[in-house]
Amino acid sequence: MSDSNRYVLDANVFIEAKNKYYGFSLCPGFWNALLVQHINNRIFSIDKVLAELVDEGDELSDWSKDRAPDTFFKKTQDQAVITLLGRMVEWVNAQPQFTPAAKAEFASTADGWVVAHAKVNGLTVVTHEEFAPDAKKEVPIPNVCLEFDVNYCKTFEMLDDLKVKFILSTKRQRRK
């Protein structure tokens, strides 16, 4: 990875961050880093991910609507993205290993849009999904990335590449 890598984030990056390592009250620096890196033109997501996040009606939903700038969640109505997504859905549907339910889910969620947007715009997909050559009940994003020659990584790799550091504040907290 290099200083020129730019990233598009899958919904699970936000959801797992909120639920596990980077809860809003535990590590506000993570959420601020996303915004700073977006301003630096390095991190984005897409409108389809935003739609999944705001459905939850929680703190992440509020962050997505109120804190992230409109430019954070890119529009996916570009014809090149739509065309490539169609090719991806065709490929998924032609794979006998995936169940009909997995194929239908892929066609109706943000996953394919994320990969198509990344490919068309030269971005690296950030996801917590794993490559799974024998997957049947889901279509893992890394499987699609490999088939369509799209780079992908996990959150920690992205943060390392972006040289993001979370520093413990040495200021004493006032007791309430």
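Residues numbered from 1 in each chain as written. Predicted model: local features only at pLDDT ≥ 70, side-chain atom pairs only at ≥ 80, totals over all residues. Heavy atoms only, no water.

A. Expanded view of the layout of surface pockets. Volume-wise, the largest pocket comes out at about 180 Å³. Leu 26, Cys 27, Pro 28, Gly 29, Phe 166, Ile 167, Leu 168 and Ser 169 are the residues that line the largest pocket. Looking at side-chain class alone, the lining of the largest pocket contains six nonpolar, two polar and no charged residues. (1 Å grid on protein atoms, 1.4 Å probe; cavity = no way out; pocket = protein on both sides within 12 Å on 5 of 7 lines; lining within 4 Å. Points joined across faces, edges and corners; volume = space filled by probe spheres on them. Nonpolar A, V, L, I, M, F, W, Y, C, P; charged D, E, K, R; others polar.)

B. The environment of Tyr 7, seen in detail. Along the chain, the position of Tyr 7 falls in strand S1 (residues 7–9). As a C-alpha pair, Tyr 7 and Asn 41 span 34 residues in sequence and 9.1 Å in three-dimensional space. Side chain to side chain, Tyr 7 and Asp 161 meet in a polar contact 2.4 Å long. (Helix = DSSP H or I, 4+ residues; strand = E, 2+ residues; numbered from the N terminus. Polar contact = N/O pair within 3.5 Å; in protein donor to acceptor, adjacent residues only side chain to side chain.)

C. Geometry of empty space enclosed by the protein. By the definition in use, this model includes one cavity of 30 Å³ or more. Approximately 30 Å³ is the volume found for the largest cavity. Secondary structure elements with two or more residues in the lining of the largest cavity: helix H1 (11–19) and helix H9 (155–161). Looking at side-chain class alone, the lining of the largest cavity contains four nonpolar, two polar and one charged residues.

D. Spatial organisation of the nonpolar core. In this structure, Phe 14, Trp 31, Leu 34, Trp 63 and Met 158 are the most contacted members of the largest nonpolar core, which totals 54 residues. The element that contributes the greatest number of residues to this core is helix H5 (residues 79–94), accounting for six residues. Ignoring anything within four residues of it in the chain, the contact list for Phe 14 reads Leu 9, Trp 31, Leu 34, Ser 45, Val 49, Leu 53, Leu 60, Trp 63, Phe 72 and Phe 73. (Core = buried A, V, L, I, M, F, W, Y, C linked by side-chain atoms within 4.5 Å. Buried < 20%, exposed > 50% of the residue type's maximum accessible area, 1.4 Å probe, protein only. Contact = heavy atoms within 4.5 Å.)

E. Helix H4 (residues 59–67), seen in detail. All buried positions along H4 are accounted for by Leu 60, Ser 61, Trp 63 and Ser 64. Buried residues of H4 fall within an arc of 165 degrees about the axis and therefore sit on the same side. For H4, the elements touching its buried residues are H1, helix H2 (28–39), helix H3 (47–54) and strand S3 (73–74). Its side-chain oxygen 3.1 Å from the backbone nitrogen of Leu 60, Asp 58 forms the N-cap of H4. (Arc of directions from axis to C-beta.)

F. A look at the sheet that holds S3. An order of S3-S2-S1-S4-S5 is seen for the five strands of this open sheet, with the pairing classed as parallel. The two strands at the open ends of the sheet, each matched to only one other strand, are S3 and strand S5 (152–153). The pairing of S1 with strand S4 (residues 124–126) spans three bridges and is parallel. Across the sheet, Leu 9 pairs through a bridge with Val 126, a residue of S4. (Pairing = 2+ DSSP bridges.)

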